[in-house]
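As a plain string of letters, each chain reads:
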Amino acid sequence: FDAYASSLSPNFLRNLRKAGNRARRDHHVSFRFVSGPDARDPELLDRFLAIEGSGWKGAAGTAIQCSPALTAFYRSLARRLADRGWLEWHFLDFDGTPVAAHLAVRFGRSLILPKIGYDETHARSSPGNLLFRETVARAFADGCTDEVNCLTDMEWHRNWHMTQAAYRDLRVYPRRVVPVLVGFIECELPVQVRAI
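Every value quoted in this text rests on a predicted model; they were computed, and no experiment measured them.

Novice: Could you give me a rundown of the nonpolar core, with the residues and numbers involved?
Specialist: With 19 residues, the main nonpolar core has F48, L87, W89, F91 and L103 as its most contacted residues. Of all the elements, helix α3 (residues 42-52) adds the most residues to this core, at 5 residues. Counting 18 residues, the second largest nonpolar core, distinct from the first, contains A23, L113, L130 and L131.

Set out below in structure tokens:
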């Protein structure tokens, strides 16, 4: 991890260090990483949803908890991931209150972070970056993680030198006349390659 961290921008590292110092000066700071059977606790999803909906997403109506259907989807998803032993929750707490969180999926040697959030009232302490730093440090230390994958391409990823990966859309059709014809028609369209 130290070698990786030393490759990051000195300015970014300085700002992250200042944010961490500010957080520790103003709060009791702790990290919680929950996996295995403990990740099944539905209260963990509720804590995550509260953080994810606490800022602009909640105000704009795009937070998960703003949609009963989306909330039900994530409840089902979390339960099914936990049943398979894939679900992890990562939290950064200030004074015992969660201020940043990851809904994470441990799949093989990959740690996937499909949903993240932080409490914007603590933005000066950069809780999202502090939690991400701790997550990456743990991934380097655990010996069983080859990648941390955020599944998206966001501007803040540049600070962490996250590798971009191209992907292709793939459609699979049953071997019947109509699906094969539809597949041939769609094959005339250019293949989309997007960086994520």
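Next comes the rest of the write-up.
Novice: Give me the packing of helix α2 (residues 10-26) against helix α6 (residues 127-142): which residues, what numbers.
Specialist: Any two packed helices are characterised by the angle at which their axes cross and by the distance between the axes. The N-to-C vectors of α2 and α6 enclose an angle of 105 degrees; their axes lie 10 Å apart at closest approach. In terms of their interaxial angle, α2 and α6 are classed as roughly perpendicular. Contacts from F12, L16, A19, G20 and A23 of α2 reach α6 at N129, L130 and R133. The class makeup of the residues in the contact of α2 with α6 is 5 nonpolar, 2 polar and 1 charged.

Novice: Report on the environment of F1, specifying residues and quantitative values.
Specialist: Structurally, the position occupied by F1 is in the segment before α1 (2-6). Distance in space between the C-alpha atoms of F1 and V136 is 7.8 Å, their sequence separation being 135 residues. Those residues within four positions of F1 in sequence are excluded, and the remaining contacts are R133, V136, A137 and F140.

Novice: Can you tell me about the packing of α3 against helix α5 (residues 68-83), naming the residues and giving the values?
Specialist: The N-to-C vectors of α3 and α5 enclose an angle of 140 degrees; their axes lie 10 Å apart at closest approach. It follows from the interaxial angle that α3 and α5 lie oblique. Read as a crossing pair, α3 and α5 show a hand that is right-handed. Listed contacts from α5 to P42, L45, D46 and L49 of α3 are T71, Y74 and R75. For the contact of α3 with α5, the residue count by class is 4 nonpolar, 1 polar and 2 charged.

Novice: I'd like a description of the pattern of salt bridges, backed by residues and values.
Specialist: If you walk through the whole model with that rule in mind, you get 10 salt bridges. Note that R106 and E88 form a salt bridge whose closest N and O atoms lie 3.0 Å from each other. Residue R106 is found in strand β3 (residues 97-107), and its partner E88 is found in strand β2 (residues 87-94); the two are separated by 18 residues along the sequence. Each member of the pair R106 and E88 is classed as buried. Salt-bridge contacts for R106 lead to D142; the nearest nitrogen and oxygen are separated by 3.6 Å. Linking R106 in strand β3 with D142 in helix α6, this pair joins segments that are 36 residues apart in sequence.

Cut-offs used in this document
- Residues numbered from 1 in each chain as written.
- Predicted model: local features only at pLDDT ≥ 70, side-chain atom pairs only at ≥ 80, totals over all residues.
- Heavy atoms only, no water.
- Core = buried A, V, L, I, M, F, W, Y, C linked by side-chain atoms within 4.5 Å.
- Buried < 20%, exposed > 50% of the residue type's maximum accessible area, 1.4 Å probe, protein only.
- Helix = DSSP H or I, 4+ residues; strand = E, 2+ residues; numbered from the N terminus.
- Axes fitted to C-alpha atoms, helices over the stretch in contact; angles between N-to-C directions.
- Parallel < 35°, antiparallel > 145°, perpendicular 65-115°, else oblique.
- Contact = heavy atoms within 4.5 Å.
- Nonpolar A, V, L, I, M, F, W, Y, C, P; charged D, E, K, R; others polar.
- Left-handed = near helix turned anticlockwise from the far one by under 90°.
- Salt bridge = Lys/Arg side-chain N within 4 Å of Asp/Glu carboxyl O.

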